[in-house]
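Descriptive analysis of the structure
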Amino acid sequence: MAPNTINNWELIRRGIIDENTIFRLAISLCPAIAVTSTLKNGFLMGVAVLFVQVMVNITIAAMKNFIHPRIRLPIFMMVISGWVTITDMSMAAFAQEAYKQMGLYIQLIVAFASILAGAEMFASKSSIVKSFFDGIGRGAGFLIALVIISGCRELLGKGTLLGITLLGGAKPLLIMVLPAGGFLTVGLLMGLFNWIDVRYLKGRA
Amino acid sequence: MIGPRDIVKITLNLVVTYIIGGVLLAAMYAFTSPVIYKNAIKGKRVALEKIMPEADHIEKLGDWAIHDRTAEYFIAKKDSSLCGYIVESYGKGYSSYIHVLIAADTAFRVKRISILSHAETPGLGDEIEASWFKKQFTKKSTAQMKVIKAPTDEYIQAISGATISSRAVTEDAAKNALEFLARTTKGKADNGTEHNQ
């Protein structure tokens, strides 16, 4: 499949469904477990990743002709860490209130495989516009996956959503907010999406 | 195959990219760091006023060192009589040094604590900012700065999944700060009486 022949909406859909970072490609599972104990955390992490993914994709696509294929990974890492640091510093300086909420997540993004995957698999061989839409798709797919995982975990593990108590009567399952619960949730959701795919969507694509 | 020309190209490619990246980041740092520094100072001043609302005058007494960092300590007065102390402190957490402000009364019991900054794990360690955790410190003495993994009125209950962060705030930052305060201000008071004699 030549990356430049897919239309933009197809790219977004692919990032969210067919090539969903968490449920399909099973990469970046580390943040998917570490920061999804509450819905707020999952959402903010997803937004931060979406932004960095789009910026990195655009940058890599813009400079793809200058990158020697043998050393593309060190250059990708430079671009990723550069964008993460720029985002971190400028938010700390000019968006203090937002930084108080999101500062913890931004620095973690440097090590995310999902960003590197976007750069390596798509942006390094595609145009800037296509890479922008691919970044939106991948980032949105990651964001949606994190929102689903963190929603399940917060609801079952604390009985709340966004801090609002919903399951007041039941005793929450503490294991769900601990890392072990993260593995359980991601595994079960991955299974669920595979099951839906096999049962209802097979043959469509 | 890689020939000599490729080696030169690869080297140039890496050098140029990294120099451009480095220069961009350095420029960004030069541009933002004064603002970040000012923000941190402003944040500390706001936190100082918030942590001791009963005081009408807060005065810096001096600096002290913890974990190789410089921290300040203050005296709080109301109608020019002593109503407590505020100490800045650091605790070694799971993934960062937790920057804490502690308000103590004249008997060196905690009045309030405030978390100024940290980089603990989101969702686990960052619960040190939650009010239920911080409220536990009120009216507790140095000897009660101990983390317990069960509900307790006597000591401080750990955050589940974040015992290290809880300990850092309690047994490291707060305990050391209270001990330092007791040591220093008692010494100062003694010196004062000696001078008067």
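Below is a short write-up of the structure. (Residues numbered from 1 in each chain as written. Chains lettered and ligands numbered in written order. Predicted model: local features only at pLDDT ≥ 70, side-chain atom pairs only at ≥ 80, totals over all residues.)

So, the overall build of chain A
Cut-off, in case you're wondering: In this text, helices come from DSSP runs of H or I with a minimum length of four residues, and strands from runs of E with a minimum of two, each type numbered from the N-terminal end. The globule rule used for comparison is 2.2 Å times the number of residues to the exponent 0.38, while the radius of gyration itself is calculated over C-alpha atoms. Residues with at least 20 neighbouring C-beta atoms inside 10 Å of their own are called buried, those with 12 or fewer are called exposed, and the rest are partly exposed, where every C-beta is derived from the backbone. A pair of residues counts as a contact when their C-beta atoms, built from backbone coordinates, are separated by no more than 7 Å.
If you tally the helices and strands in chain A, you get eight helices and two strands. Scanning chain A from its N terminus toward the C terminus, one meets helices and strands in the order α-α-α-α-α-α-α-β-β-α. Expected size for 205 residues packed as a compact globule is a radius of gyration near 17 Å; at 18 Å, chain A falls within 12% of this value. Judged by the C-alpha coordinates and their principal axes, chain A covers about 60 × 50 × 25 Å. A burial count over chain A gives 43% of its 205 residues as buried. Contacts in chain A between residues at least 24 apart in sequence constitute 73% of all its contacts with a sequence separation of at least 6.

A few points about the sheet that holds strand β2 (residues 69-78) of chain B
Residue and element names in this part refer to chain B. Spelled out, the test is: One requirement defines pairing of two strands: DSSP has to find at least two bridges between them. Structural elements are reduced to axes, namely lines fitted to C-alpha atoms, with helices fitted over the stretch in contact, and the angle between N-to-C directions of any two is expressed from 0 to 180 degrees.
Read across the open sheet, the five strands follow the order β1-β2-β3-β4-β5; overall the sheet is antiparallel. The open sheet has two edge strands with one neighbour each: β1 (57-66) and β5 (110-117). Here the average twist between neighbouring strands, direction ignored, is 20 degrees. When strand β4 (residues 97-104) meets β5, the two strands line up antiparallel, connected through six bridges. Bridge pairing in β5 links Ala-103 to Arg-112. Where helix α1 (residues 4-51) meets the sheet, its contacts fall on β1, β2, β3 (81-92), β4 and β5, and the angle it forms with β5 comes to roughly 160 degrees.

Things to note about the interface of chain A and chain B
The line we're drawing: Each residue gets one of three labels, nonpolar for Ala, Val, Leu, Ile, Met, Phe, Trp, Tyr, Cys and Pro, charged for Asp, Glu, Lys and Arg, and polar for the others, Gly among them.
Across the contact, 28 residues belong to chain A and 23 residues belong to chain B. Elements that contribute at least two residues to the side of chain A that touches chain B include exactly α4 (72-94) and α5 (96-106) of chain A. Looking at which element gives the most residues to the side of chain A that touches chain B, the answer is α4 of chain A, with 11 residues. Residue composition of the side of chain A that touches chain B, by class: 18 nonpolar, nine polar and one charged.

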